[in-house]
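Each chain, written out:
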Amino acid sequence: MGPFVSPLPPALAPVINRFTRRASVCAEAYNPDEEEDDMESRVIHPKTDDQRNRLQEACKDILLFKNLDPEQMSQVLDAMFEKLIEGGEHVIDQGDDGDNFYVIDRGTYDIYVKCDGVGRCVGTYDNRGSFGELALMYNTPRAATIIATSPGAVWGLDRLTFRRIIVKNNAKKRRMYENFIESLPFLKSLEVSERLKVVDVIGTKVYSDGEQIIAQGDMADCFFIVESGEVRITMKRKSKQDAEENGAVEIARCFRGQYFGELALVTNKPRAASAFALGTVKCLVMDVQAFERLLGPCMEIMKRNIANYEEQLVALFGTNMDIADPSA
Ligand code: 1OR
Ligand code: 1OR
């Protein structure tokens, strides 16, 4: 017996076609394993020694590259190309299709997002970081406009190479971290789909015993979740003289499933304390833009915890040191 075929009324055919076409776009986003992986699809942009050195330096801290194996990383570096940027140039326009992912080599950039048709500056990049991953990961229009506020340069990675390597690797990351992220109490206000987006943008960093993860007083650009090991948080009194007299005091320890480094991102102030690895420590790391974009719904829980820090500070040092007061 042949397959059962239900005849479609002609008027419905275009609707169904449109529906199936949409469905296949979704499938593309979630089945990166099926994309071609042959040598012919490899893109290579030759580079001078100087370019290669600058590229390696710029990519060193890019979180999306952290979970790649050495072969994948070298394919990514081969495929990247330098693009010089003029002051005022729009590197990305909100609403466009995604062509490349960009890693900043140098220069400063403003992030604009339209709200009721009006563009609002929601953040900046200062000589480091990356942008343009969202349209390539999720097959969506560009979610923001990126405008250079100085002359600069970026490294581009074409859409196909990005999908073939980074998106494919993200499928693996989801398998590795989905359950862990799902289990974190401070992320419980997020929808399941939002938690998966957290997994997509995090990178893993490993620290060896005694290594400094955060330095008190530094400017902040990322947020940490402990995956394994133990992190020691220490604090110096505010004035230099006090610091010399009292040294740094241990104020907390963080273990698997706990977070740190949120305070400076929430208050827009320098790091309030230092963090050190005790033994080998593995952290999941998120950049400040992803933190602001994805963790809004978890802010209540984090802010309650910050109020806790202030109480403890008063108990320990007799002052809250203005840690959470953005005007101080
Ligand atoms: P893309 O491919 O959509 C624009 O192209 C890029 O801007 C985007 O990827 C991100 O890499 C980057 N919301 C959306 N995109 C952002 C944001 C952002 N910040 C940087 N990009 N928000 C700002 C968070 C500081 C949320 C605004 C509501
Ligand atoms: P950050 O971005 O300022 C240092 O970088 C991090 O140490 C900070 O975010 C917090 O995530 C973390 N007071 C201030 N920061 C703390 C504290 C803390 N504990 C952990 N961090 N207190 C400890 C309360 C048990 C109060 C000080 C006595």
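Only a predicted model underlies this, so the values are computations on that prediction, with no experimental measurement involved.

Trainee: I would appreciate a short explanation of the confidence of the model for the protein in the present structure.
Mentor: Should the pLDDT be low somewhere, the predicted coordinates at that spot are not to be read in detail. Of the residues in the protein, 84% have a pLDDT of 70 or more, and the chain-wide mean is 88. The low-confidence segment residues 1–30 (pLDDT under 50) makes eleven contacts with residues lying over four places distant or belonging to another chain.

Trainee: Please explain helix 2 (residues 49–59) as it appears in this structure.
Mentor: Every α-helix carries 3.6 residues per turn, so stepping three or four residues along brings you back to the same face. Listed in full, the buried residues belonging to helix 2 are Gln-51, Leu-55, Ala-58 and Cys-59. Seen end-on, helix 2 carries its buried residues on one side only, within an arc spanning 90 degrees. Those residues of helix 2 that are exposed and angled more than 90 degrees off the buried face are Asp-49 and Asn-53. Looking at the buried positions of helix 2, the neighbouring elements they touch are helix 3 (70–79), strand 1 (81–85), strand 3 (100–106) and strand 8 (152–158).

Trainee: Which parts of the structure should I look at to understand the pattern of salt bridges?
Mentor: Should their charged atoms come close, side chains of opposite charge can pair. Counted by the stated rule, this structure contains 19 salt bridges. Between Glu-57 and Lys-60 there is a salt bridge whose closest N-O contact spans 3.0 Å. A relative accessible area of 44% places Lys-60 in the partly exposed class. Taken together, the shared-partner salt bridges in this structure form one network comprising Asp-50, Arg-54, Glu-82, Asp-105 and Arg-106.

Trainee: Mind showing me how you'd approach the packing of aromatic side chains here?
Mentor: Aromatic ring pairs are defined here through the distance separating the ring centres and the angle between the ring planes. Within the structure shown, the criterion is met by ten aromatic pairs. Ring centres of Phe-186 and Phe-223 lie 6.2 Å apart, and the angle between their planes is 70 degrees; this geometry places the pair in the edge-to-face category. Linking Phe-186 in the loop between helix 5 (159–182) and helix 6 (192–201) with Phe-223 in strand 11 (residues 222–235), this pair joins segments that are 37 residues apart in sequence. Grouped by ring-pair contacts, the aromatic residues Tyr-102, Tyr-109, Tyr-125 and Phe-131 constitute a single cluster.

Trainee: Sorry if this is basic, but what is going on with the layout of surface pockets here?
Mentor: Leftover empty space is mapped by rolling, across the atoms, a probe with the size of a water molecule. Of the pockets and cavities examined, the second largest pocket occupies roughly 620 Å³. Sorting the residues of the lining of the second largest pocket by element identifies strand 11, strand 12 (249–254), strand 13 (259–260), helix 8 (263–267), strand 14 (274–287) and helix 10 (299–317) as the ones contributing at least two each. Considering only residue class, the lining of the second largest pocket consists of 19 nonpolar, seven polar and three charged.

Trainee: When you look at the side chain of Glu-227 in this model, what are you seeing that I'm missing?
Mentor: Tracing the backbone shows Glu-227 in strand 11. Residue class for Glu-227 comes out buried when judged on its relative accessible area of 13%. Sequence-distant contacts of Glu-227, that is, excluding residues within four places in its chain, are made with Tyr-177, Phe-180, Thr-204, Arg-256, Lys-282, Cys-283 and Leu-284.

Trainee: Even after reading the chapter, I still don't get the site of ligand 2, so can you show me in this structure?
Mentor: Close contacts around ligand 2 come from 16 residues, with Gly-261, Glu-262, Ala-264, Arg-271 and Ala-272 the closest. At 2.8 Å from an oxygen atom of ligand 2 is found a main-chain nitrogen or oxygen belonging to Gly-261. Taking Glu-262, its side chain carries an N or O atom lying 2.5 Å from an oxygen atom of ligand 2. Put simply, the parts of the chain that give the shell around ligand 2 at least two residues each are strand 12, helix 8 and helix 10. Considering every element that reaches the shell around ligand 2, the biggest residue donor is helix 10, with four residues. Residues belonging to the shell around ligand 2 are distributed by class as follows: twelve nonpolar, two polar and two charged.

Trainee: Explain the pairing of strand 8 here, please?
Mentor: Consecutive residues of a regular strand have side chains that alternate between opposite faces of the sheet. In terms of burial, strand 8 is largely enclosed, as seven of its seven residues are buried. Of the two faces of strand 8, the one holding Gly-152, Val-154, Gly-156 and Asp-158 and the one holding Ala-153, Trp-155 and Leu-157 are both buried throughout. By the bridge criterion, five bridges tie strand 1 to strand 8 in an arrangement that is antiparallel. By the bridge assignment for strand 8, Ile-85 is matched with Gly-152. Summarising the sheet, strand 3 and strand 8 pair through six bridges and their orientation is antiparallel. Bridge assignment links Arg-106 to a residue of strand 8, and that residue is Ala-153.

About the criteria used
Residues numbered from 1 in each chain as written. Chains lettered and ligands numbered in written order. Predicted model: local features only at pLDDT ≥ 70, side-chain atom pairs only at ≥ 80, totals over all residues. Heavy atoms only, no water. pLDDT = per-residue confidence, 0-100. Contact = heavy atoms within 4.5 Å. Buried < 20%, exposed > 50% of the residue type's maximum accessible area, 1.4 Å probe, protein only. Helix = DSSP H or I, 4+ residues; strand = E, 2+ residues; numbered from the N terminus. Arc of directions from axis to C-beta. Salt bridge = Lys/Arg side-chain N within 4 Å of Asp/Glu carboxyl O. Phe/Tyr/Trp six-rings, centres within 6.5 Å; stacked < 30°, edge-to-face > 60°. 1 Å grid on protein atoms, 1.4 Å probe; cavity = no way out; pocket = protein on both sides within 12 Å on 5 of 7 lines; lining within 4 Å. Points joined across faces, edges and corners; volume = space filled by probe spheres on them. Nonpolar A, V, L, I, M, F, W, Y, C, P; charged D, E, K, R; others polar. Near = heavy atom within 4 Å. Polar contact = N/O pair within 3.5 Å; in protein donor to acceptor, adjacent residues only side chain to side chain. Pairing = 2+ DSSP bridges.

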